[in-house]
Amino acid sequence: MPLLDVRRVATMAALAGLVATGGLRLTAQAPRTPAGGAVRVAGHHAFVQQYCLDCHDDDSKKADLSLEAIATGDVAAHVVEWEKVVRRLRTRQMPPIDEPRPDEATYDAVITALETSLDRAAAARPNPGRTASIRRLTRTEYRNAIRDLLALDVDVATLLPPDESSYGFDNVTVGELSPTLLERYMSAAEKISRLALGRPSRVPGGDTFRVAPDLTQEEHVEGLPIGTRGGTIVPYTFPQDGEYDVQVRLRRDRDEKIEGLTEPHQLEVLVDRQRVHLFEVAPLRPAGPGEPAREADAHLTIRVPVRAGPHQLGVTFVKKPSDLIETPRQPYQAHFNSYRHPRVQPAIYSVSIVGPHGASSAGEAPSRRRILVSRPATPAQEDAAATRIVSALARRAYRRPVTDADLRGPLRLYRTARADGDFEAGIEMALAGVLVSPEFLFRVETDPPGMPAGTPYRVSDLALASRLSFFLWSSIPDDALLDAAIAGRLREPAVLERQVRRMLADDRSRALVTNFAAQWLHLRNLDAITPDMRLFPDFDDNLRQSFRQETERFVESVLREDRSALDLLRADYTFLDERLAKHYGIPHVYGSRFRRVPLADDSWRGGLLRQGSVLTVTSYATRTSPVLRGKWVLDNILGIPPAPPPPDVPTLEDNTVDGSLSVRARLAEHRRNKACARCHDTIDPVGLSLEKFDAVGRRRRLEDGVAIDAAGGLPDGSRFDDVGGLEAALLRRPELFVATFTEKLLTYASGRGIEPFDAPAVRAIVRDARATDYRMSSIVLGVVRSQPFQMRMSR
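Parameters at a glance
Numbering of residues starts from 1 in each chain and follows the order in which that chain's sequence is written. Where local features are concerned, this predicted model is filtered to residues with pLDDT of at least 70; where side-chain atom pairs are given and counted, the filter is 80 or more; whole-chain, interface and lining totals use all residues. Water and hydrogen atoms were dropped before computing side-chain values, which therefore reflect all heavy atoms in the structure. We treat two strands as partners when DSSP finds at least two bridges between them. The secondary structure listing takes helices from DSSP runs of H or I that are at least 4 residues long and strands from runs of E that are at least 2 residues long, numbered from the N terminus. Every angle, taken between N-to-C directions, lies between 0 and 180 degrees, and every axis is a line fitted to C-alpha atoms, over only the stretch in contact when it is a helix. Per-residue accessibility, obtained with a 1.4 Å probe over protein chains only, is compared with the maximum for each type, and a residue is labelled buried under 20%, exposed over 50%, and partly exposed between these values. Residue contacts are counted whenever heavy atoms from the two residues lie within 4.5 Å of one another. For any pair of crossing helices, the crossing counts as left-handed if the nearer helix is rotated counterclockwise from the farther one by less than a right angle, and right-handed if it is rotated clockwise.

K.L.:
How do you make sense of the sheet that holds strand β3 (residues 228–238) when you look at a structure like this?
P.N.:
In a beta sheet, neighbouring strands pair by backbone hydrogen bonds and run either parallel or antiparallel. The strand order across the open sheet formed by four strands is β3-β8-β5-β6, and the pairing between neighbours is antiparallel. Edge strands, defined here as strands with exactly one partner in the open sheet, are β3 and β6 (274–281). Pairs of neighbouring strands in the sheet enclose a mean axial angle of 15 degrees, with direction left out of account. In this sheet, strand β8 (residues 309–318) lies alongside strand β5 (residues 265–271) in antiparallel orientation, the contact comprising five bridges. Within β8, the position partnered with Val 271 by the bridge is Leu 313.

Put into structure tokens, the structure is as follows:
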């Protein structure tokens, strides 16, 4: 039987075992078990009688909620309903603004009484919820796991499809593994294991990297040497010591003419910032009669010797002296469209790497040093060395101590491949077997044997270690974390806190920015955003990536400096390069390097609500959208996402109302429909307060020559003007934002949606964090210490 078929049979058998014992279609949702404890709330029934029953009695039952039968009963018997009431009261959504409302003291008294009763009931009968028994690694987690297991960074976007999101994150609905996806994982394992060991191929391999078509390449690119302009940096792992062909293609217009090539230029190829070749690129004279057509970049190929391992390949142009263009209008920063704002100079289209040619050896790449922890000197030592290598790999990959049964399959693959090749061929096959093992691809949590259904229990130290590493690093545990778990000490409060703080200080915790925050703030959507070039001719990929970097660096600074989570809204600094500073109208920022920039008190920049990334992903291609922006704030900042529109409610079409009306007036016209007004009376005022930022985040005062009215409001009835007023209104009740941030973090950490029975845990995290002014470490530690993170409900 071919080796590939042997591994597939073994993998299918293991997956079949998983299906038999738990299935690959388990959801991440727990049964809604009401908390127990007969606790009454003195006086809340009078509040309900006075303010709630007009809409929420058995006859009206608005929002499918009736309080008539439960108002005088035990709060603990109706956790779902009362948690819904508490959320509505805390955000002051109820009673409606146009109805009689209690004063703040009454609000606070009733909320405190209800929350106290609900928290006591939760303490009496804990319900930590139930995560899925089987969860596949997401594409991001898989990449990070390969990086930490093998010291190898691979672009998994070319190997695996993206994961679907649920509850705002892609690590929630990952219980299934289709046959097609299994094939993709097996193919990825083959490529990764060969690359990690630097094994020779029958023919030289090759990869092509294309530069974004809307990238302006007129100025310096960060990471390339000063004195260059344009180009790209390609992080690439060269599999073996040898020679590699590097081919460069220049960007062409629709007529297949090289853009911007009007005079000679010098093109530089670098490996790890060291020049390996300098090309001359010049316009060619037209081909004469009978002469073959020639291309000015046909000669841009070079063969260079490179050592095995990760390197930075750079391709760029030597910068020519440049002057400001004399024009009555400010010149565009963007130059990538040959008809609207053409390139002034040539640009890189693609870089191809082919090789190795004449490979001398596998070299000593970091991945080989990580894998080959034992190197046999004689054939007699090979089996023992293979066992040591596979044991070390499997312990990290499976995230637990390994048994003889765990090693049996990979070692069988090793012996099969060794019979037809050498020692490293066997190790390559054994490694591929580890990478397609369900123990690596899935995070499996099983209930203790014999435990009755519906019993809360603490997860094991090993399961806790995996939960912790995938939460903070989106990757597998390291040796220090595994050792603490194997010793049975990880659950000790002092040990757990020490591990959390160590992990937060590690560079791998940047996953909280690039994975958690990128999904929470919708930064992943930036790549799909392309504003209308006729309306926003100065938008290019440079600006898109600057938007992303500003927000990622900003969130990372709040995390690394252990600042208050409220600084995400109220910060008096941001991160800028010259391109973004010009877009914002902030002077004295030059060059491609991002740097921290303090802001004046009257600056229109700062926190998340003022950043181009958020403002752009909540806009349409042609205009702003107060609806998208309002929904984003309600969902991601206040934690009260509006319900989806009913299927029979028409959308707001620009051609159904007077086109001369402002966005505010058009929305008002839309709200004349009572079915629309029910939600848009809450959504629109929030988004309208951000109207003085256009669809690409620029500050503006006018729209079509008319002054913009940025008056807005929140569901609690507060009224304000512009983004400053919105931020002030949010910060007056900081616990709402912190609770929302905590819920998002807990959803991401636990891999399941937040349920009403999780509310006591969220409240406890927010209460404890208040003593430190809601520092990030306090919130993260609160999530790690919480019942939903450390416990699980049996089934």
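K.L.:
I tried to follow the sheet that holds strand β2 (residues 205–210) on my own but got confused; where do I start?
P.N.:
Taken together, four strands build an open sheet; the order of strands is β2-β9-β4-β7 and the sheet is antiparallel. The strands lining the two open edges of the sheet, one partner per strand, are β2 and β7 (301–306). This sheet shows a mean twist of 20 degrees between the axes of neighbouring strands, independent of strand direction. Inspection of the sheet shows β2 paired to strand β9 (residues 348–361) by six bridges, in the antiparallel sense. Residue pairing across strands places Gly 205 opposite Gly 355, the latter belonging to β9.

K.L.:
Sorry if this is basic, but what is going on with the pairing of β3 here?
P.N.:
Remember that side chains alternate between the two faces of the sheet whenever the strand is regular. For β3, the tally of buried residues reaches nine of 11 residues, placing the bulk of the element in the interior. As judged from the nine bridges shared by β3 and β8, these two strands associate in the antiparallel manner. Opposite Tyr 236, over in β8, you have His 311 as the bridge partner.

K.L.:
Would you mind showing me how to read the side chain of Gln 790 here?
P.N.:
Of note, Gln 790 is situated in helix α27 (residues 787–790). Its relative accessible area of 9% is what places Gln 790 among the buried residues. The contacts of Gln 790, once residues within four sequence positions are left out, are Tyr 457, Arg 458, Val 459, Leu 464, Arg 467, Leu 496, Val 784 and Arg 785.

K.L.:
Help me understand the packing of helix α9 (residues 404–420) against helix α10 (residues 423–435) in this model?
P.N.:
For any two helices packed against each other, the geometry comes down to the angle between their axes and how far apart the axes lie. Where α9 contacts α10, the axes come no closer than 7 Å and their chain directions differ by 145 degrees. The two elements α9 and α10 meet at a crossing, and its hand is right-handed. Packed against α9, whose contacting residues are Pro 410, Leu 413, Tyr 414, Ala 417 and Arg 418, the element α10 presents Phe 423, Ala 425, Gly 426, Ile 427, Met 429, Ala 430, Gly 433 and Val 434 at the interface.

Spatial relationships are all this shows, so hold off on functional conclusions.
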